[in-house]
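# Observations on the model geometry
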Amino acid sequence: MSSHHIIREDQEPALLILDTMAVDFVQVQELLEWSPTVMVSEQALKEVLSWGIKIDIVIASEENVSNLKNSLLDQSPVKLHSYTNKGALATAVDLLISSRQKAVNVFATEPLESFEVFSSLDISVFHSGKRWSYIRNRS
C-alpha cells in the first residue's frame, strides 16, 4: 500500500540560510525534500548557488540588490528584498510572518537569543552542529 501526501503551499517550514558555515549540505538536502520556500542572505549566496538548488528569496543590503540581479538570472523567478539597519535576519523573519508562514528552519551562526523576538513562528536553528527549537505558544 502506498501513501500519498498532499502538500499545500507554505505548509512545510521555510528554509533560511544566513551562513553556510553553520550548515552541512546533507542537512539542507533533507530539508529540501518537501520543496520549502528557500531564503538566502547575500553572505551565503555564492556558496548556496554552487549547490545548484532553487532559491526563492534573497535578502541583501540595499546597495547590493542591483548588483546581485545578474548572478540570479538562472534562479528566475526569484525575489530580492533589501534590508537597511534592520539586518538580514529581522527582514527575513518579517517576510515570513507577513506571508503567513508558520515555521522556519534557520542555518545561522547568530546567537540563539537573536531568535527569541520572533515568537509568532516555530523556529529550528541549526548552529554549531546542534539543532535548537523554539515552539510558539499556541494558546
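Right, let's walk through the structure included here. (Residues numbered from 1 in each chain as written. Predicted model: local features only at pLDDT ≥ 70, side-chain atom pairs only at ≥ 80, totals over all residues. Heavy atoms only, no water.)

### With respect to the overall build of the protein chain
Our working rule: A helix here means a DSSP run of H or I that spans at least four residues, while a strand means a run of E at least two residues long, and both kinds are numbered starting from the N terminus. Classification of residues uses two cut-offs on accessible area relative to the type maximum, computed with a 1.4 Å probe and protein chains only: under 20% is buried, over 50% is exposed, and between them is partly exposed. Here, residues are in contact when the closest pair of their heavy atoms is within 4.5 Å.
When you go through the protein chain residue by residue, the secondary structure sums to 4 helices and 7 strands. Sequence-ordered secondary structure for the protein chain, helices as α and strands as β, is β-α-β-α-β-α-β-α-β-β-β. Per-residue burial over the protein chain gives 40% buried out of 139 residues. The long-range fraction of contacts in the protein chain, counting pairs at least 24 apart against all pairs at least 6 apart in sequence, stands at 41%.

### Let's talk about the sheet that holds strand S2 (residues 38-41)
Note the threshold: Pairing between strands is defined by DSSP: at least two bridges between them are needed. Angles here are taken between N-to-C directions and fall from 0 to 180 degrees, while the axes themselves are lines fitted to C-alpha atoms, restricted in helices to the stretch in contact.
The strand order S4-S3-S2-S1-S5-S6-S7 describes an open sheet built from 7 strands, whose pairing is mixed. Both edges of this open sheet fall to strand S4 (79-83) and strand S7 (130-134), since each of them pairs with a single strand only. Taking the axes of each pair of neighbouring strands and ignoring which way they run, one obtains an average angle of 20 degrees across the sheet. Here helix H1 (residues 25-32) sits on the sheet in contact with strand S1 (14-17), S2, strand S5 (103-107) and strand S6 (122-127), set at roughly 165 degrees to S5. The sheet strands contacting helix H4 (residues 88-98) are S1, S2, strand S3 (57-61), S4 and S5, and the helix crosses S3 at an angle near 145 degrees.

### A look at the environment of Ile57
Looking at where Ile57 falls in the secondary structure, it is placed in strand S3. Judged by its relative accessible area of 11%, Ile57 is buried. With 20 residues separating them along the chain, Ile57 and Thr37 place their C-alpha atoms 7.9 Å apart. Setting aside residues no more than four positions away along its own chain, Ile57 makes contact with Thr37, Val38, Met39, Val40, Val78, Lys79, His81 and Leu95.

### Notes on unusual backbone geometry
Cis geometry marks the peptide bond from Ser76 to Pro77, where omega comes out at 0 degrees. Locating Pro77 in the fold gives a position in the loop between helix H3 (65-68) and S4. Notably, Ser35 is not glycine yet its phi reads approximately 55 degrees, a positive angle. Residue position: Ser35 is located in the loop between H1 and S2. Phi angles above zero are rare outside glycine, and Arg100 is one such case at about 65 degrees. With respect to the secondary-structure elements, Arg100 resides in the loop between H4 and S5.

### Description of the nonpolar core
A general feature of soluble globular proteins is that nonpolar side chains tend to end up buried together. Filter applied, for reference: Buried Ala, Val, Leu, Ile, Met, Phe, Trp, Tyr and Cys residues that are joined via side-chain atoms within 4.5 Å together make up what is termed a nonpolar core.
Counting residues in hydrophobic clusters, the biggest one holds 21 residues, and the most contacted among them are Leu16, Val104, Val106 and Ile123. Tallying contributions element by element places H4 first for this core, with 6 residues. Contact partners of Val104, with chain neighbours within four places excluded, come to Pro13, Ala14, Leu15, Leu16, Leu96, Leu121, Asp122, Ile123 and Ser124. Counting 19 residues, the second largest nonpolar core, distinct from the first, contains Val23, Val38, Ile53 and Leu68.

### Considerations on the pattern of salt bridges
Selection criterion: A side-chain nitrogen of Lys or Arg and a carboxyl oxygen of Asp or Glu constitute a salt bridge if their distance falls within 4 Å.
One pass over the structure, following the stated rule, counts 1 salt bridge. With a shortest N-O distance of 2.2 Å, Lys86 and Asp94 are connected by a salt bridge. With relative accessibility at 32%, the residue Asp94 sits in the partly exposed group.

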